[in-house]
Amino acid sequence: MIYVRPIAMNDPARPAGALPLAGGWAWFSHAEVLERDAPPRIVPVADLDAETRDRLSVQRPAFGGLSMDRVRIMGILNVTPDSFSDGGLFLKPEAALMQARVMAAGADILDIGGESTRPGAAEVAQPEEIARTAPVIAALRAAGLDIPVSIDTRKAGVAEAAFAAGASILNDVTALRFDPKMADVASQLRAPVILMHSIATPATMQDDPEYDDVLLDVYDALSERLAVAEAAGIARDRLAVDPGIGFGKTLQHNLALLSRLSLFHNLGVPVLLGASRKRFIGTLSSESDAQKRLPGSLAVALAGVAQGMQMIRVHDVAETRQALSLWQASTSGVAQ
Ligand code: HH2
């Protein structure tokens, strides 16, 4: 089997014959062809078959009502006592609502979670997770905030309660693996779903994770989860994928994924990148305090945008918005 990775470019000068990358801001004139047992090759787009060229270049359908022709910022709001960087800050509903208002000013989506999935985190009982998340979603709707809300959960009951309260996107860090009811519930809710790659559970995922080839293994796993979701009745145009940075991955695994993220466009759906404040940023910058990892987080987010990531999940919404608009202006030569 071969894997075709478009080589993403952002230069204002496009050679004739170059194709738009997933209908977005980047383009590609060459692709890297990867195989498990052969060295990579670089080929011009003219050498790709028509189906592959189409899949890599057509604009993705709108996801959760948001067009995918520009980068969408997902703001993280963890209503938990123990999330790795904002744990305990927004556990009180008033604090969560205030943070939601601040984030809604710059974010395209608010991602609300009631269970930390940081490495080593323990599972939260479903009633407790519902009690943390659903009232906050209801409160922000009651306050007139109409920003799309995604519920970050691996439990079907939490997803149902969140949708009843006003959420409209499901973000499952186990790609529908954890709760046997999740695929059916997502299908019944007609939810747009983000399928994130992870292995095992947060409690054990960092116990020496191993892959044959992390990039290709994660790609195959996401391809399989897309098929499972479709078989459960969730249409392809309601699905997005995420390589799951830090979820069952070493530093080297994370970097191997980040440097070749554009491969995931071959799955034909929008791709989300979540790297904000994560441990590998602390490791590479010698910064143990997660709240001081903004510069590294911005650098990784922009590197993802350069590879055509349609959605980026971040803690620092206003700062990311500023970095993104300057990146866009200075790569395109046009004030946005
Ligand atoms: N990362 C976290 C949680 N949910 N969802 C997606 N789609 N992608 C991610 O990379 C992702 C995610 C972990 O980060 P955070 O929510 O900040 O921490 P915690 O799990 O400790 O609450």
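Residues numbered from 1 in each chain as written. Predicted model: local features only at pLDDT ≥ 70, side-chain atom pairs only at ≥ 80, totals over all residues. Heavy atoms only, no water.

### Focus on the packing of aromatic side chains
Point 1. One pass over the full model with this rule turns up two aromatic pairs.
Point 2. With 6.2 Å between their ring centres and 35 degrees between their planes, Tyr 219 and Phe 264 make a pair best called tilted. With a gap of 45 residues between them, Tyr 219 in helix α6 (residues 214-231) and Phe 264 in the loop between α7 (251-259) and β12 (272-274) connect regions that are remote in the sequence. Neither Tyr 219 nor Phe 264 differs from the other in exposure class; each is buried. (Phe/Tyr/Trp six-rings, centres within 6.5 Å; stacked < 30°, edge-to-face > 60°. Helix = DSSP H or I, 4+ residues; strand = E, 2+ residues; numbered from the N terminus. Buried < 20%, exposed > 50% of the residue type's maximum accessible area, 1.4 Å probe, protein only.)

### A short note on the domain arrangement of the chain
Point 1. Split by domain assignment, the chain resolves into domain 1 (1-59) and domain 2 (61-332).
Point 2. Computed from C-alpha coordinates alone, the two centres of domain 1 and domain 2 are separated by 26 Å.
Point 3. Counting residues at the interface gives 22 residues for domain 1, matched by 28 residues for domain 2.
Point 4. When domain 1 packs against domain 2, the two sides together hide about 1900 Å² of surface, and 56% of this comes from carbon and sulfur.
Point 5. Our count for the contact surface shared by domain 1 and domain 2 stands at three salt bridges. (Domains from an automatic or database assignment. Contact = heavy atoms within 4.5 Å. Buried area = accessible area lost by both parts, 1.4 Å probe. Salt bridge = Lys/Arg side-chain N within 4 Å of Asp/Glu carboxyl O.)

### Topic: unusual backbone geometry
Point 1. If you check the backbone angles, Ala 175 has positive phi at about 50 degrees while not being a glycine.
Point 2. Secondary-structure assignment places Ala 175 in the loop between β9 (169-172) and α5 (182-189).
Point 3. For Ser 286, which is not glycine, the phi torsion reads 55 degrees and is therefore positive.
Point 4. Here Ser 286 lies in the loop between α8 (279-285) and α9 (294-306).
Point 5. We classify Ser 286 as exposed; its relative accessible area is 68%.

### Some remarks on the site of the ligand
Point 1. Inspection of the region around the ligand gives 18 residues, with Ser 83, Ser 116, Thr 117, Asp 242 and Lys 278 positioned closest.
Point 2. Between the ligand and Thr 117 there is a distance of 2.7 Å, counted from an oxygen atom to a backbone nitrogen or oxygen.
Point 3. With respect to the ligand, the side chain of Asp 242 contributes an N or O atom lying 2.6 Å from a nitrogen atom.
Point 4. Against a free-state accessible area of 480 Å², the protein chains account for coverage of 99% of the ligand.
Point 5. Of all the secondary structure elements, the ones that give two or more residues to the shell around the ligand are β10 (193-196) and β12.
Point 6. Here the residues of the shell around the ligand sort into six nonpolar, seven polar and five charged. (Near = heavy atom within 4 Å. Polar contact = N/O pair within 3.5 Å; in protein donor to acceptor, adjacent residues only side chain to side chain. Areas by Shrake-Rupley, 256 points an atom, 1.4 Å probe, with all protein chains shown as cover. Nonpolar A, V, L, I, M, F, W, Y, C, P; charged D, E, K, R; others polar.)

### Concerning the packing of helix α4 (residues 156-165) against α5
Point 1. Contact geometry for α4 and α5: axes closest at 9 Å, N-to-C directions at 15 degrees. Taken together, the axis directions place α4 and α5 in an arrangement best described as roughly parallel. In this structure, the crossing between α4 and α5 has a hand that is right-handed. The segment α4 lies against α5, with Ala 156, Ala 159, Glu 160 and Phe 163 engaging Met 182, Val 185 and Leu 189.
Point 2. Taken together, the residues of the contact of α4 with α5 sort by class into six nonpolar, no polar and one charged. (Axes fitted to C-alpha atoms, helices over the stretch in contact; angles between N-to-C directions. Parallel < 35°, antiparallel > 145°, perpendicular 65-115°, else oblique. Left-handed = near helix turned anticlockwise from the far one by under 90°.)

### Here we look at the side chain of Asn 171
Point 1. Along the polypeptide, Asn 171 turns up in strand β9.
Point 2. Take Asn 171: its relative accessible area is 4%, and that puts it in the buried class.
Point 3. Once you skip the residues sitting within four places of it in the chain, Asn 171 turns out to touch Asp 111, Ser 150, Ile 151, Asp 152, Thr 153, Ile 194 and Arg 313.

### So, the sheet that holds strand β11 (residues 239-242)
Point 1. A sheet is described by the order of its strands in space; here eight strands give the open sequence β11-β10-β9-β8-β7-β6-β13-β12, paired in parallel fashion. Strands with a single pairing partner mark the edges of an open sheet, and in this sheet they are β11 and β12. Averaged over all neighbouring strand pairs, the angle between strand axes comes to 25 degrees, with direction disregarded.
Point 2. Alignment of strand β6 (residues 72-78) against strand β7 (residues 109-113), held across five bridges, turns out to be parallel. (Pairing = 2+ DSSP bridges.)

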